[in-house]
Amino acid sequence: MKIMKFGGTSVGRPERMHQVKDLITRGDESKIVVLSALSGTTNSLVSIGEALAAADKFLAKSRIDELHAHYNQFYPQLLKSDVAKEKAQEIIKEHFEFLNILLKISFNEAINRDILAQGELLSTKLFHTLLEELEIPAVFLSAFDFMSIDENAEPELQKISDRLKAILAQHPDDSIFITQGFICKNHLNEVDNLKRGGSDYTASLVAAAIQATSCEIWTDIDGMHNNDPRIVDKTRPIAEMSFDEAAELAYFGAKILHPASIWPAQQFNVPVKLLNTMKPEAQGTLIKADVATVGVKAIAAKDGITAIKIKSSRMLLAYGFLRKVFEIFEKYKTPIDMITTSEVAVSVTIDDLSHLEHILEELGTFCSVEVDRDQTIICIVGNMVSESKGAIQSVIDSLIEYPVRMVSFGGSRHNVSVLVDSKFKKEALQSLNQDLFSW
């Protein structure tokens with residue numbers, strides 16, 4: 001059995017849902033199909049929640065009505081028969097009645113999570129209705145029946161596996177199963193989610209839970225590219241890469257894959273394929289355990305970075321200084337991306353500024369602090385790239401025209417990272433692309 005995940009753009013139009021139908025009915029292998037919400041739906045649901053949180057019920061009602069109108073235009077183009085259209089109309093009515101009821105009750109975070117779940121529930125129910133109309137046998141699975149997270153918001157993989165295998169055992173003669181990405185239940189048995197981009201995560205978790213033959217991630221891009229095609233000309237898809245390389249790229253800015261979605265598949269050695277719904281014949285990218293090629297594979301960039309330089313003359317040979325620094329970031333649950341040190345200073349980067357003011361205040365009690373905002377991490381990824389002869393020299397030479405704030409080299413065999421001011425991002429990516437890739 002394999003997993004096939006389709007993102008919001010892949011199901012965002014009626015004709016694309018029909019393309020998905022064609023893709024999942026190819027071949028004889030059993031499959032679990034994981035769907036995202038229709039493109040734009042999650043953003044609309046977020047805005048509804050924000051309006052309710054601000055007690056602006058007029059705005060919330062307006063946003064609900066706009067989204068409702070979109071779905072009322074969508075289903076008649078998706079379905080042909082009166083029976084199927086009537087069923088779709090009832091599905092849409094049910095979910096928008098729920099959203100309208102929320103206008104009359106007090107808003108809280110649990111309600112917000114319920115709001116966000118509506119997108120995936122709508123897309124999977126409408127898609128399942130399409131399959132029913134076309135007499136394609138398929139089983140509708142509710143992610144709430146098997147997908148769960150613990151009190152630390154971490155997926156409970158063993159429980160997911162046990163529940164899902166038990167459900168599948170009840171359908172020995174079925175070969176197509178439809179379920180939702182992103183949504184789950186938490187340790188309080190409340191509706192919750194795997195955060196934005198979590199449909200990729202769902203697919204990888206399901207693949208790990210059943211030890212699938214492969215996990216296919218279908219988007220509107222023909223694989224992971226060697227640079228950002230929105231910024232750099234003449235990028236190309238990467239045919240193969242390792243789990244470690246893909247994880248680095250996903251974390252440092254490659255938008256095609258959710259950063260958390262690598263490790264479950266990697267744990268159980270399930271190959272991940274990145275494929276294009278609009279170009280199903282394209283090779284895409286295969287992510288697996290071992291890849292023979294050595295050297296630079298791709299470049300990614302992560303914006304919204306803040307660099308913090310922590311300086312103290314007491315740091316020189318001071319036992320426990322770094323521990324004291326990192327305990328402050330741990331206290332405020334703020335992850336660090338890059339670290340560089342000298343005898344009297346340490347520089348770190350963060351992208352979560354929620355607690356920056358408190359972090360700076362506590363650091364200031366025992367050292368001086370400088371902050372550089374609007375920075376970009378550029379990540380150069382490849383198999384053993386940090387050990388390749390001349391790799392770091394090539395990177396530095398490519399960036400000779402631009403001031404480099406930090407360099408992280410040697411911490412990973414697959415990654416060389418540099419920090420530059422975001423205003424130099426475009427030129428830096430283009431220069432690296434020209435110097436590191438030969439055509």
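Residues numbered from 1 in each chain as written. Predicted model: local features only at pLDDT ≥ 70, side-chain atom pairs only at ≥ 80, totals over all residues. Heavy atoms only, no water.

- Looking at an unreviewed UniProt entry, the chain carries the name Aspartokinase, with the source organism given as Algoriphagus antarcticus.
- According to its UniProt record, the chain has this under Catalytic activity (unreviewed entry): "L-aspartate + ATP = 4-phospho-L-aspartate + ADP".
- The chain has a UniProt comment under Sequence similarities (unreviewed entry) that states "Belongs to the aspartokinase family." (UniProt positions renumbered as here; feature names shortened; annotations may be inferred.)

Side note on the side chain of Ser-261
Line of reasoning, step 1. If you trace the backbone, Ser-261 turns up in the loop between helix 9 (243-251) and helix 10 (263-267).
Line of reasoning, step 2. What Ser-261 contacts, discounting residues up to four positions off in sequence, is Asp-200, Tyr-201 and Ser-204. (Helix = DSSP H or I, 4+ residues; strand = E, 2+ residues; numbered from the N terminus. Contact = heavy atoms within 4.5 Å.)

A word on the nonpolar core
Line of reasoning, step 1. Grouped together as the largest cluster of nonpolar side chains are 103 residues, with contacts concentrated most on Ile-3, Phe-6 and Ile-24.
Line of reasoning, step 2. If one sorts the elements of this core by residue count, helix 6 (residues 109-133) sits on top with 10 residues.
Line of reasoning, step 3. In terms of domain composition, this core takes at least three residues from each of domain 1 (2-219) and domain 2 (297-436).
Line of reasoning, step 4. Discounting chain neighbours no more than four positions away, the residues touching Ile-24 are Met-4, Phe-6, Lys-31, Val-33, Phe-127, Leu-131, Ile-176 and Ile-178.
Line of reasoning, step 5. Membership of the second largest hydrophobic core comes to 17 residues, among which are Ile-299, Val-395, Val-418 and Leu-436. (Core = buried A, V, L, I, M, F, W, Y, C linked by side-chain atoms within 4.5 Å. Buried < 20%, exposed > 50% of the residue type's maximum accessible area, 1.4 Å probe, protein only. Domains from an automatic or database assignment.)

Examining unusual backbone geometry
Line of reasoning, step 1. Phi is positive for Glu-135, which is not a glycine, with a value near 60°.
Line of reasoning, step 2. Relative to the assigned elements, Glu-135 resides in the loop between helix 6 and strand 3 (139-140).
Line of reasoning, step 3. Here the phi dihedral of Asp-374 falls at roughly 55°; this positive angle occurs in a residue that is not glycine.
Line of reasoning, step 4. Position of Asp-374 among the secondary structure elements: in strand 14 (residues 368-383).

Focus: the domain arrangement of the chain
Line of reasoning, step 1. Domain assignment breaks the chain into domain 1 (2-219) and domain 2 (297-436).
Line of reasoning, step 2. Each of domain 1 and domain 2 has a C-alpha centre, and these two points are 38 Å apart.

Comments concerning the pattern of salt bridges
Line of reasoning, step 1. Considering all chains together, one arrives at 18 salt bridges under this definition.
Line of reasoning, step 2. A salt bridge links Glu-216 to Lys-2, with the shortest nitrogen-to-oxygen separation between them at 3.1 Å. Of this pair, Glu-216 sits in strand 7 (residues 215-219) while Lys-2 sits in strand 1 (residues 2-6); the two residues are 214 residues apart in sequence, bridging distant segments of the chain. Residues Glu-216 and Lys-2 agree in their burial class; the two are buried.
Line of reasoning, step 3. Among the salt bridges present, the one from Lys-87 reaches Glu-132, with a minimum N-O distance of 2.6 Å. On the criterion of sequence distance, the pair formed by Lys-87 in helix 5 (residues 82-101) and Glu-132 in helix 6 is long-range, its members being 45 residues apart.
Line of reasoning, step 4. Lys-87 sits in the partly exposed class, given a relative accessible area of 36%. (Salt bridge = Lys/Arg side-chain N within 4 Å of Asp/Glu carboxyl O.)

Describing the pairing of strand 2 (residues 31-35)
Line of reasoning, step 1. Burial analysis of strand 2 places 5 of its 5 residues in the buried class, the great majority of the element.
Line of reasoning, step 2. Burial along strand 2 is two-sided: Lys-31, Val-33 and Leu-35 facing one way and Ile-32 and Val-34 facing the other are all buried.
Line of reasoning, step 3. Note that strand 1 and strand 2 share 5 bridges and pair parallel. The residue of strand 2 that forms the bridge with Phe-6 is Leu-35.
Line of reasoning, step 4. Pairing between strand 2 and strand 4 (residues 176-180): 5 bridges, direction parallel. Looking at the pairing, Leu-35 lines up with Gln-180 of strand 4. (Pairing = 2+ DSSP bridges.)

Describing the sheet that holds strand 15 (residues 404-412)
Line of reasoning, step 1. With antiparallel pairing, the 6 strands of this open sheet are ordered in space as 12-13-11-14-16-15. Each of the sheet's edge strands pairs with one partner strand only, and the pair in question is strand 12 (339-341) and strand 15. With strand direction ignored, the average angle separating the axes of adjacent strands in the sheet is 25°.
Line of reasoning, step 2. As paired elements, strand 12 and strand 13 (residues 345-350) share 3 bridges and run antiparallel to each other. The residue of strand 13 that forms the bridge with Thr-341 is Val-346. (Axes fitted to C-alpha atoms, helices over the stretch in contact; angles between N-to-C directions.)

Regarding the sheet that holds strand 8 (residues 240-242)
Line of reasoning, step 1. In space, the 8 strands of this open sheet follow the order 3-4-2-1-7-9-10-8, with mixed pairing throughout. Whereas interior strands pair on both sides, the edge strands pair on one side only; in this sheet they are strand 3 and strand 8.
Line of reasoning, step 2. In this sheet, strand 10 (residues 285-288) lies alongside strand 8 in parallel orientation, the contact comprising 3 bridges. Considered in strand 10, the bridge of Glu-240 is made with Leu-286.
Line of reasoning, step 3. Helix 2 (residues 14-24) contacts strand 1, strand 2, strand 4 and strand 7 of the sheet and is inclined by roughly 170° relative to strand 1.
Line of reasoning, step 4. Taken strand by strand, helix 6 contacts strand 2, strand 3 and strand 4, and its axis lies near 155° from that of strand 4.

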